[in-house]
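# Residue-level structural notes
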Amino acid sequence: MENMIITGVNGLLGQKVLEEAASNFSVLGIDIHDYPFNTKLKFQYERLDLTDRRLVKDTVLKFYPQYIVNAAAFTNVDECENQKELCWKVNVEAVENLIYVARKIGTKIIHISTDYIFDGSAGPYVETDVSAPLGFYGKSKLASENVLLASDVEYAILRTMVLYGAGINVRPNFVTWLIQALKNKQQVTIVTDQFGNPTLADDLAAAVLQSIKLNKWDIFHVSGSEVIDRYNFALKIAEVFGLESELIKATTSAQLNQQALRPLKSGFIVEKAESELGIHLSNAEEGLKKFKRQYKKYR
Ligand SMILES: NC(=O)c1ccc[n+]([C@@H]2O[C@H](COP(=O)([O-])OP(=O)(O)OC[C@H]3O[C@@H](n4cnc5c(N)ncnc54)[C@H](OP(=O)(O)O)[C@@H]3O)[C@@H](O)[C@H]2O)c1
């Protein structure tokens, strides 16, 4: 069996990659917490701060993985504006640390990036479109891509967006937050002018495993297949989950005044990922229906 390290294994994507990989790889899961959130699957777990190069080196050399799936990140977009130093350490320096040791032993890195590397003036984007991040999170993720590009390790970069799904102890995402709010009969205001492709985390995890299986070391846009604005996505969530859509009110980004600027007209064209990785990426409704079947299990 080949060895795989999954960083951020307690996060949403990390848990999904673990579910896909646990039976076919010998897995070492890494995260910042003292214990693994998933205690059902067979894998080793180590608490490790990826910003500590010496510890990263020791751990990776000891486990000697063929692959590192880097699902760890500082993912709070607004907090990245307040905590720039920490955001850079986790999103960029940690990747440098992984490269530093991966190149010594020929480990391939599968890294996850984001549509926030684009400015959202002309989406949906293909992989070769010019990046121009608006906020610090996007800047840090673009820099994480660039350190891989400049390195001599083999890597795949899977860019994704509006990730949702269910996991153990994972923090709320747009879909789980909205379901909870509507169940509590809470009125919510959702922007009509932010466009993107909502992505079921399970679809992204399948793409990670396919890039390994098919030896595809390249940049891919891996998201849901449908570009939709947040307000209409919210209405779809209400419809699929049988919740009150009257509680959803429309607003604009200017009115909402979020701390970090968001790419407005974003979105991905996913043909390259679908054809080269041999995967099917769900549209908004399909993804939500799949999600509904697993949602109950995690509540
Ligand atoms: N979520 C989205 O909508 C979205 C969109 C586009 C791209 N992405 C990218 O997709 C990837 C996975 O996202 P996700 O939503 O699954 O993330 P997540 O749920 O926030 O998981 C990330 C995990 O990494 C851990 N971590 C943070 N700092 C660490 C450190 N120094 N050392 C070790 N572990 C550390 C986090 O711990 P704490 O929770 O304690 O911080 C968390 O368990 C990330 O690269 C993200 O940038 C996400």
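For the structure itself, consult the block above.
Computed from a prediction, not measured in an experiment: that's the story for all the values here. (Residues numbered from 1 in each chain as written. Predicted model: local features only at pLDDT ≥ 70, side-chain atom pairs only at ≥ 80, totals over all residues.)

## Some remarks on the site of the ligand
With respect to spatial proximity, 27 residues lie near the ligand, and among them Gly8, Gly11, Leu13, Ala72 and Ala73 are the closest. The element contributing the most residues to the shell around the ligand is helix H1 (residues 12-21), with 3 residues. (Near = placed C-beta within 6 Å. Helix = DSSP H or I, 4+ residues; strand = E, 2+ residues; numbered from the N terminus.)

## Examining helix H4 (residues 84-105)
With 22 residues, H4 extends 31 Å between its outermost C-alpha atoms, agreeing within 8% with the 32 Å of an ideal straight helix rising 1.5 Å per residue. Residue Val90 marks the point of greatest curvature in H4, where the axis turns by about 30°. Where H4 is concerned, the buried positions are Cys87, Val90, Asn91, Val92, Ala94, Val95, Asn97, Leu98, Ile99 and Ala102. Tucked into the core, H4 has its buried residues touching helix H2 (53-63), strand S4 (67-70), helix H3 (77-82), strand S5 (108-114) and helix H5 (136-149). Looking one or two residues beyond H4, the residue adopting positive phi is Gly106, at roughly 70°. (Expected span 1.5 Å × (residues − 1). Bend = angle between axes of the 7 residues up to and from the residue. Buried ≥ 20, exposed ≤ 12 C-beta atoms within 10 Å, placed from the backbone. Contact = placed C-beta atoms within 7 Å.)

## Overview of the nonpolar core
Core analysis: the largest hydrophobic core is formed by 83 residues, its most contacted members being Ile6 and Leu158. Once residues lying within four places of it in the same chain are set aside, the contact partners of Leu158 are Ile110, Ile112, Leu204, Ala207, Val208, Phe220 and Val222. (Core = buried A, V, L, I, M, F, W, Y, C linked by C-beta atoms within 7 Å.)

## Describing the sheet that holds strand S2 (residues 26-31)
Spatial strand order, S3-S2-S1-S4-S5-S6-S11: 7 strands in an open sheet with parallel pairing. A strand with exactly one partner marks an edge of an open sheet, and here the two such strands are strand S3 (44-47) and strand S11 (219-221). If you compare each strand with its neighbour and ignore which way they point, the axes differ by 20° on average. Bridge count for strand S6 (residues 155-160) against S11 is 3 bridges, and the pairing is parallel. Along S11, the bridge assignment pairs Leu158 with Phe220. Lying over the sheet, H1 contacts strand S1 (3-7), S2, S4 and S5, oriented at roughly 160° with respect to S1. (Pairing = 2+ DSSP bridges. Axes fitted to C-alpha atoms, helices over the stretch in contact; angles between N-to-C directions.)

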